[in-house]
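Overview (structure and organization)
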Amino acid sequence: MSILNDISDALQQGRVPKVKEFVQQALDEGIPASEILEQGLLSGMNTIGEKFKNNEVFVPEVLIAARAMNKGTEILRPHLVAAGVEDKGTVVIGTVKGDLHDIGKNLVRMMMEGKGLKVIDLGVDVPVERFLDAARENHAQIIACSALLTTTMGEMRNIVEAVEDSELKGKVRVMIGGAPITQAYCDQIGADCYTPDAASAADAALQLCTA
Amino acid sequence: MPLLPDPIHMVMARQLSYLISQSRNIVRPWWLRQSYHNTPDLLHTQLQSLIDQIEQENETLVPTERFDQIVLAYGLCSNSVIGLCSRSLPVVLPRCDDCIALLLGSAERYQHFFQKLPGTYWYTTGRIEQGNPPCRARYERDRAQYVELYGEENAEYLMEHQNHWLHNYQNCGYITCPLGDLPEHIEFAKQVSRDFGWTYQEIPGDLAYLSRLINGPWEDDQFLVCPPHSKIEADYTAQKFHSIPWNPETTGA
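Predicted model, so just to flag it, every value in this text is computed and none were measured. (Residues numbered from 1 in each chain as written. Chains lettered and ligands numbered in written order. Predicted model: local features only at pLDDT ≥ 70, side-chain atom pairs only at ≥ 80, totals over all residues. Heavy atoms only, no water.)

**Let's talk about the overall build of chain B**
Regarding its fold elements, chain B presents 10 helices and 9 strands. Here chain B has a C-alpha radius of gyration of 20 Å; the compact-globule value for 253 residues is 18 Å, and the two agree. With respect to the principal axes defined by its C-alpha atoms, chain B has extents near 60 × 40 × 35 Å. Split into buried and exposed, the 253 residues of chain B put 49% on the buried side. Looking at chain B alone, contacts between residues at least 24 apart form 64% of all its contacts between residues at least 6 apart. For chain B, the accessible surface area stands at approximately 12500 Å², while carbon and sulfur atoms represent 53% of it. A gap of 4 Å separates the mean positions of the 19 positive and 31 negative side-chain charges of chain B. (Helix = DSSP H or I, 4+ residues; strand = E, 2+ residues; numbered from the N terminus. Rg over C-alpha atoms; globule rule 2.2 N^0.38 Å. Buried < 20%, exposed > 50% of the residue type's maximum accessible area, 1.4 Å probe, protein only. Contact = heavy atoms within 4.5 Å. Areas by Shrake-Rupley, 256 points an atom, 1.4 Å probe, with all protein chains shown as cover. Lys, Arg positive; Asp, Glu negative; His and termini not counted. Charge placed at Lys NZ, Arg CZ, Asp CG, Glu CD.)

Laid out in structure tokens, this is it:
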């Protein structure tokens, strides 16, 4: 349907007013909200995610596309709730204690939201217990933690161990990411998943939640 | 489209050049630009190709002019040094996280300030004159470029998002240069502190660690000496890394 393509295109260009206008138009045409979400907004976001993975677009393009998606979703939300559309999973995300950087973490959050996941963002400088408490309160399937510094990445090991030692063991998976993080580090601390970029993180999270 | 690439700059140029000039060792420096730490894979590739290049060149030199070792003025630097291999020369590197420890004089002193002054963003003479650090002018320059590329409204949003972390920091730590500071650099750091709402902290720099890097001795608790046919492996402890045997013949590298 061309209006859904229009939504996807406008989203990829980060054109918020156009996205809002087209989403409203699609609703007026009687297209179900879930279809507008899946084939318009999420489809556009998926394209941006793929381009980002392939280095065809960069962080600013992803940020403005994600913003456009969020604005479009705001219009759809009451219709989605009325139609009983559920989140595909819940993720608790944050930057580890001692680390104050949030660009990467926010990007991952947006990409995950773009996959239809509910994301609880705990911000930066998040102590181990807050990750676990938030996972309990929100019945999350995933704790996703970010670190930019080699001085703070050790906190990830503490999070993995705390989950292992709690009743969340086997129920909550720990995902890790950030510039100094590698698959080797993930293997060494026993985290469940490492991804090298935000788009892959969103793919992996969706897979973990729907597996 | 990414922002304009940063110019080539070397943030420890003054300190290292001074120490090299004073050293009894014959030191030939190679320089890499600052800010590769943002792309650790790229920095890793640059460092490995430099090691390879130096080792290859070494083979062509007359025996009396050959190098004894390669010394890297890099700590973990976003784990970029992990996996580096040497074929024919020992590779020496300091057991620290990054250049802040080198400029503060020890890994312990960096850890001390990391705990004592959480939320400190570090400024140095080298970063100010060559490193394009965060400041009002850079903010305005980035913003103007975003307006041109994505329009006024998106530019505002992008700047807010990409600079949000600045507000999470509380201190500007200016590491003084033991060789002398220019008043305009101190004023620059003070102005940044005012602009971003940070507390200005002046921390005396110390050349001791860099001096030992250039002159030795390379005590095992402060430096890794990675012998030929070895690879640097992470161990995620205070000693940062160790070396493991590596055979270029069997790995095909």
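**Overview of the domain arrangement of chain B**
Residues and elements named next belong to chain B. One can read the domain layout of chain B as domain 1 (7–106 + 207–253) and domain 2 (115–205). For domain 1 versus domain 2, the separation of C-alpha centres amounts to 28 Å. Tallying the contact residues gives 12 residues for domain 1 and 17 residues for domain 2. Taken over both partners, the interface formed by domain 1 and domain 2 buries close to 1300 Å², and the fraction arising from carbon and sulfur atoms is 67%. Put simply, domain 1 and domain 2 have 1 salt bridge between them. For Arg14, the salt bridge is made with Glu129, and the minimal N-O distance between the two is 2.6 Å. Our enumeration of links across domain 1 and domain 2 arrives at 1 residue pair in polar contact (both at pLDDT 80 or more). Looking at the side of domain 1 that touches domain 2, the elements with two or more residues in it are α1 (13–22) and α3 (99–104). At 4 residues, the largest contribution of residues to the side of domain 1 that touches domain 2 is made by α1. For the side of domain 1 that touches domain 2, the per-class residue count stands at 8 nonpolar, 3 polar and 1 charged. (Domains from an automatic or database assignment. Buried area = accessible area lost by both parts, 1.4 Å probe. Salt bridge = Lys/Arg side-chain N within 4 Å of Asp/Glu carboxyl O. Polar contact = N/O pair within 3.5 Å; in protein donor to acceptor, adjacent residues only side chain to side chain. Nonpolar A, V, L, I, M, F, W, Y, C, P; charged D, E, K, R; others polar.)

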